[in-house]
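The residues making up each chain are set out below.
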Amino acid sequence: MLAAVVDSPGRLADVLTVRDVDGPGAPGEGEVVVRMLASTVNPSDEVTVSGAYGSRTSFPMVPGFEGVGVIDAAGPGVPHGAVGRRVLPLGSAGNWQQYKRLGHRWCVPVPDDLPDEIACFAYVNPLTATLMVERFCRPGVRSAVVTAATSAIGGHLAELLADRGVAPVGIVRGTAGRTVADPSLWRAVIRTGDPGWRRRLRAAVGPRGIDVAFDCVGGGVGGDVFSLTAGGGVFVHYGLLSGTPLPAECFTGRGGARVELFRLRDIVHRDRGQHLSELFAPVFDDLRRGRLRTAVGIRVGLSELARRLKEPEAGRTGKILIELQS
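The rules behind these values
- Counting restarts for each chain, with residues numbered from 1 along the sequence as it is written.
- Local features are withheld for residues below a pLDDT of 70 in this predicted model, meaning they are given only at 70 or higher, and side-chain atom pairs are given and counted only at 80 or more; totals for whole chains, interfaces and linings count all residues.
- Hydrogens and waters are ignored; side-chain quantities use all the structure's heavy atoms.
- Where helices and strands are cited, they refer to DSSP runs of H or I of at least four residues and of E of at least two residues respectively, numbered from the N terminus.
- The atom set for the radius of gyration is the C-alpha atoms, and the globule formula is 2.2 Å times the number of residues raised to the power 0.38.
- Buried residues are those whose accessible area, probed at 1.4 Å on protein chains only, stays under 20% of the maximum for their type, while exposed residues exceed 50% and partly exposed ones sit between those limits.
- Throughout, a contact is declared for two residues whenever any of their heavy atoms are within 4.5 Å.
- For every accessible area listed, the method is Shrake-Rupley and the probe measures 1.4 Å; residues are considered covered only by the protein chains on display.
- Working convention for charge: Lys and Arg count positive, Asp and Glu count negative, and His plus the chain ends are omitted.
- Note that the charge is assigned to NZ on lysines, CZ on arginines, CG on aspartates and CD on glutamates.
- Aromatic rings from Phe, Tyr and Trp, taking only the six-membered ring of Trp, are treated as a pair when their centres fall within 6.5 Å; an angle between ring planes under 30 degrees marks them as stacked, one over 60 as edge-to-face, and anything in between as tilted.
- Put plainly, a pocket is an open set of points on a 1 Å grid over the protein atoms alone with protein on both sides within 12 Å along at least five of seven lines, a cavity is a set where a 1.4 Å probe fits but cannot get out, and a lining residue has an atom within 4 Å of a point.
- Grid points are joined across faces, edges and corners, and a volume is the space filled by probe spheres set on the points.
- Directions are taken from the helix axis to each C-beta atom, and the arc is the one they span.
- Pairing between strands requires that DSSP locate at least two bridges from one strand to the other.
- The convention used is that axes are lines fitted to C-alpha atoms, helices contributing only their stretch in contact, and that angles between N-to-C directions extend from 0 to 180 degrees.
- Polar contacts, as used here, are pairs of N or O atoms within 3.5 Å; protein pairs need one atom able to donate a hydrogen and one able to accept it. Residues neighboring in sequence count only if both atoms are side-chain atoms.
- The working definition used for a salt bridge is a side-chain nitrogen of Lys or Arg within 4 Å of a carboxyl oxygen of Asp or Glu.
- Each angle gets one of four labels, with under 35 degrees taken as roughly parallel, over 145 as roughly antiparallel, 65 to 115 as roughly perpendicular, and the rest as oblique.
- It is the rotation of the near helix from the far one that decides the hand of a crossing: anticlockwise by less than a right angle makes it left-handed, clockwise makes it right-handed.
- Side-chain classes are defined by residue name, with Ala, Val, Leu, Ile, Met, Phe, Trp, Tyr, Cys and Pro counting as nonpolar, Asp, Glu, Lys and Arg as charged, and the others, Gly among them, as polar.

**Regarding the overall build of the protein chain**
Along the protein chain, the regular secondary structure elements total 10 helices and 15 strands. Computed over its C-alpha atoms, the radius of gyration of the protein chain comes to 20 Å, within 12% of the 20 Å expected for a compact globule of 326 residues. With respect to the three principal axes, the spread of C-alpha positions in the protein chain is 60 × 40 × 35 Å. Counting all 326 residues of the protein chain, 49% fall into the buried class. In the protein chain, 68% of the contacts between residues at least 6 apart in sequence involve partners at least 24 apart. When the accessible area of the protein chain is evaluated, it comes to approximately 14,800 Å², of which 49% is carbon and sulfur surface. Charged side chains of the protein chain number 38 positive and 33 negative; the gap between the two group centres comes to 6 Å.

**As for the packing of aromatic side chains**
Here a ring pair, both rings aromatic, is described through the centre-centre distance and the interplanar angle of the planes. Going through the model one piece at a time under the given rule, you end up with 3 aromatic pairs. An aromatic cluster of three or more residues is present, and its members are Tyr 123, Phe 280 and Phe 284.

**A look at the layout of surface pockets**
Approximately 180 Å³ is the volume found for the second largest pocket. Taken together, Leu 90, Gly 91, Ser 92, Ala 93, Gly 94, Gln 97, Lys 100, Arg 101, Leu 102, Gly 103 and Trp 106 make up the lining of the second largest pocket.

**Some thoughts on unusual backbone geometry**
Look at the link from Phe 59 to Pro 60: it is a cis peptide, with omega at 0 degrees. With respect to the secondary-structure elements, Pro 60 resides in the loop between α2 (43–50) and β4 (67–74). Even without glycine at this site, Ala 148 takes up a positive phi of about 50 degrees. Among the secondary structure elements, Ala 148 is positioned in the loop between β8 (144–147) and α5 (152–163). Assessed through its relative accessible area of 14%, Ala 148 is described here as buried. The residue Leu 292 is not glycine, and still its phi comes out positive at about 55 degrees. Along the chain, Leu 292 falls in the loop between α9 (276–288) and β14 (296–301).

**Here's the deal with α2**
Among the residues of α2, Asp 45, Thr 48 and Val 49 are the ones counted as buried. One face of α2 carries all of its buried residues, which in axial projection span an arc of 95 degrees. In this structure, the buried side of α2 is in contact with β1 (2–6), α1 (12–15) and β3 (31–40). Once α2 ends, the next one or two residues include Gly 51, with phi positive near 95 degrees.

**Some details on the sheet that holds strand β10 (residues 188–191)**
On the basis of which strands lie adjacent, the open sheet formed by 6 strands has the order β10-β9-β8-β11-β12-β13 and parallel pairing. What marks the edges here is a single partner per strand, and that holds for β10 and β13 (258–261). Here the strands of the sheet are splayed against their neighbours by 20 degrees on average, with no regard to which way each runs. Bridge count for strand β9 (residues 169–172) against β10 is 4 bridges, and the pairing is parallel.

**Details of the side chain of His 237**
Note on placement: His 237 falls in strand β12 (residues 229–237). Looking at His 237, the relative accessible area reads 7%, which means it is buried. In terms of polar contacts, His 237 uses its side chain to reach the backbone carbonyl oxygen of Gly 239, at 3.4 Å. With residues near it in sequence (within four places) discarded, His 237 still touches Asp 215, Gly 218, Leu 246, Val 259, Glu 260, Leu 261, Phe 262 and Arg 263.

**Considerations on the pattern of salt bridges**
All told, the structure shown has 18 salt bridges when counted by the stated rule. We note a salt bridge from Arg 208 to Asp 211, for which the minimum N-O separation is 2.7 Å. The class for Arg 208 is partly exposed, based on a relative accessible area of 43%. Ionic pairing is found between Glu 311 and Arg 308, a salt bridge with its closest N-O pair at 2.9 Å. Looking at Glu 311, the relative accessible area reads 31%, which means it is partly exposed.

**Points about the environment of Gly 10**
Within the fold, Gly 10 resides in the loop between β1 and α1. Taking the C-alpha atoms as reference points, Gly 10 and Ala 203, separated by 193 residues in sequence, lie 41 Å from one another. Residues in contact with Gly 10, not counting those within four places in the same chain, are Val 15, Val 49 and Ser 50.

**Quick notes on the packing of helix α4 (residues 124–136) against α5**
Between α4 and α5, the shortest axis-to-axis distance is 9 Å and the interhelical angle comes to 40 degrees. Considering their axes alone, α4 and α5 lie oblique with respect to each other. Every pair of crossing elements has a handedness; the one defined by α4 and α5 is right-handed. Seen from α4, the contacting residues are Asn 125, Pro 126, Thr 128, Ala 129, Thr 130, Met 132 and Val 133; seen from α5, they are Ala 152, Ile 153, His 156, Leu 157, Leu 160 and Leu 161. Split by residue class, the contact of α4 with α5 holds 9 nonpolar, 4 polar and no charged.

Pasting the structure below:
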């Protein structure tokens, strides 16, 4: 079969190759083989390939934490009728290949009315946004800030916060051609490249401060947002796009605000896949209603993935959709 393989850690575009490899073999007890249909590229894939999680990553590896496929074969102990069912294969990387073998308990059934190009993106961003808003946007929250507001998950957070009557302030880098998906959902959108952006942020959140902040940037921008988080407020840190940790003073407890580290992997792996369908139920409901959708920027066959990753991203909007059987 064809697979995208990384032999050693490094920058994704530099170390990925697509080549023929041995197939997954027959499924064992409780296992299935999934014929992969579609996947995508997320920052979590790039961070993993970089070697940042050395304690739980071994090379060579096949990246890809997100995708959709069809169960092609089932081993002993798998429920009758599993073969032919579309699923999200979770619990490990390895979705950038034409067939993936894994435990059936890690397969989330996909509703028949969700097309592949929508179901493909149901995991990393929609589930993260849903769980974070559910957990941290408590009654009484009036002021929220979202960093990386032009990202897919930034748009998801704005949609979910709007359901609770909260219009967040968005923080963006000001990359040319990048805008928030729906400007009407935001109280303000502030570009960190503009002079006086910190003053504008302070004015936008008001004297009460930020009740809840959702940050996937870290570094100085994250630190500046944290400094405006109200006493008793929560700063939810779930990514590190800047590559720079939050300032140490964010963790001293000074001022009464607290940092919460949110890791989707910890929640998904907490009960070893026993309740995944329950976690995804609200996400699938929203996707059916046309919410939490992810724009597709380009479609690429697996055989062309390595070449396309080397192309400049300037001006490109939307996610990559990898068509794994081509």
